[in-house]
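What follows is the residue order along each chain.
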Amino acid sequence: MPLLPSPPTDREGVVAWVDEHLGHLACDDVRPSPVRGGQAAADAALASLDLTGYATRRSEVYPVQGRGATRLSPYIRHGLLPLPAVWAAAAGAPARDRAEFRDELLWQEYARHLYARVGRATAEPLRFAEPVGTGPWEGEPWRQDMACMAATTAELHEEGWLVNQTRMWLASQHSVRAGRDWREGAQEMYRHLLDGSPAANRLGWQWAIGTGNGKVYGFSRWQVEKRAPGLCGTCPLRRACPVQDWPEAEAGARVEPPAGLAGGPTDAGPTAPQVAGEPEAVWLTAESLGDTDPALAAHPDLPAVFVFDEPLLARLRLSGKRLVFLAETVAGLGAQLHLGDPVDELRGRRLAATWAPVPGFRRRSAQLDVVALHPWPWLRRPGSGSLRSYSAWAGRGR
Ligand SMILES: Cc1cc2nc3c(=O)[nH]c(=O)nc-3n(C[C@H](O)[C@H](O)[C@H](O)COP(=O)(O)OP(=O)(O)OC[C@H]3O[C@@H](n4cnc5c(N)ncnc54)[C@H](O)[C@@H]3O)c2cc1C
């Protein structure tokens, strides 16, 4: 039972703690992102949410002060801010901004429905093959002599967060213009993004490169001049811009969609707590690390336990920033921390847990003694309808 000591509460201490206990699992040096983990930071971000102008400024890239994006995503991804709470927090915003923001929350919910239904098949093209007519492209897809690529990859690697607009630039540049395998680009983003999730990351890539919807997003100098005015003026290639014109690539041919995409049952977890015994600990997972986690809230007197999944982390090779974010978060919950395989670490303990819409939860919980299973806080409970089109899916709930 490799138990870890509790991380210190100060930032420097957490970084040193991650370096010592988890550093062997990181893909880079352990350094913190400016975005802090933990419930207090999540609550502060939500409390200061001001959506005025969100609809017009959400896609702005530079200057940074002009951005309308909220940067709530790392907290939403790890369940510190459940989607229903974020939805409610938008109630007082101007109507257009509220509608636009809530539409983005629905994209997150849609990504979760898709992943819950289709699972790992989201790593394969969903409806169309990879774009055709890509390349030839000289050198790295994210060439560092292009100011747009240098600035955005620096943000990805140093801060672990990007606005949606530059995620689209990177995805399109990687796999529409340069013709590289989208899974490699998605994996590199996933390793660094504090909000990285298989569900939303793959959805973002599949929609940017057209495998999800048959529409290829073209990235060119035009978007940089519109969304990041002044950046091209600093570029060594400003008079020989390799993305001056639109890429010529087009969507690939239709492919056989994965089972379930056109409709079928979704395992959405219980609608009410399923209790079959007296739990002795609350098992927290990376999907739900907030203090409103339903299992934690239902069993406030039980010890909480979190396992840094060593075999999984060794495969994923996340950046140190992500590990610091997670350590800051679990430190605030006072959870008992383990390092190892969750099934080995938790075997023989009677657990309470919150159901989570990811295949990994289903697999591990089936091998553990979860005697109290609590419902996932859906924004919209999944049904059995088609998940081929976001707009059709979103429209069904209106
Ligand atoms: C190539 C690519 C990869 C992406 N990878 C991820 C990822 O790994 N994790 C992730 O959470 N999002 C991902 N997104 C979606 C989106 O870019 C981020 O959620 C958003 O930029 C986060 O910033 P924010 O919190 O300021 O968003 P805001 O604009 O403030 O939106 C509020 C919330 O809505 C949700 N949201 C917004 N846009 C989307 C979207 N297009 N898809 C799903 N949810 C959305 C997020 O939870 C976000 O926090 C990706 C998009 C693309 C194009």
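Since the model is a prediction, treat every value here as computed from it, not as a measurement.

Draft legend 1. Geometry of helix α14 (residues 320–333). Here α14 is 14 residues long and its end C-alpha atoms lie 20 Å apart, about the 20 Å a rise of 1.5 Å per residue gives. With 12 of 14 residues buried, α14 is to be regarded as a mostly interior element. Residues of α14 that are buried: Gly320, Lys321, Arg322, Leu323, Val324, Phe325, Leu326, Ala327, Glu328, Thr329, Val330 and Leu333. Gly334 sits one or two positions beyond α14 and adopts a positive phi of about 65 degrees.

Draft legend 2. View of the nonpolar core. Counting residues in hydrophobic clusters, the biggest one holds 51 residues, and the most contacted among them are Val18, Leu284 and Phe308. If you tally residues by element for this core, the top one is α14, at seven residues. Filtering out sequence-adjacent residues up to four positions away, Val18 remains in contact with Gly23, Val30, Leu323, Val324 and Ala327. Residues Leu170, Val176, Ala208 and Phe219 belong to the second largest nonpolar core, which totals 35 residues.

Draft legend 3. Expanded view of the pattern of salt bridges. One pass over the structure, following the stated rule, counts 18 salt bridges. Note that Glu287 is salt-bridged to Arg77, the shortest N-O span being 3.1 Å. Highlighted residues: Glu287 in the loop between β3 (281–284) and α12 (294–298) and Arg77 in helix α4 (residues 73–77), separated in sequence by 210 residues. With respect to burial, Glu287 and Arg77 carry one shared label: buried.

Basis of the calculations
Residues numbered from 1 in each chain as written. Predicted model: local features only at pLDDT ≥ 70, side-chain atom pairs only at ≥ 80, totals over all residues. Heavy atoms only, no water. Helix = DSSP H or I, 4+ residues; strand = E, 2+ residues; numbered from the N terminus. Expected span 1.5 Å × (residues − 1). Buried < 20%, exposed > 50% of the residue type's maximum accessible area, 1.4 Å probe, protein only. Core = buried A, V, L, I, M, F, W, Y, C linked by side-chain atoms within 4.5 Å. Contact = heavy atoms within 4.5 Å. Salt bridge = Lys/Arg side-chain N within 4 Å of Asp/Glu carboxyl O.

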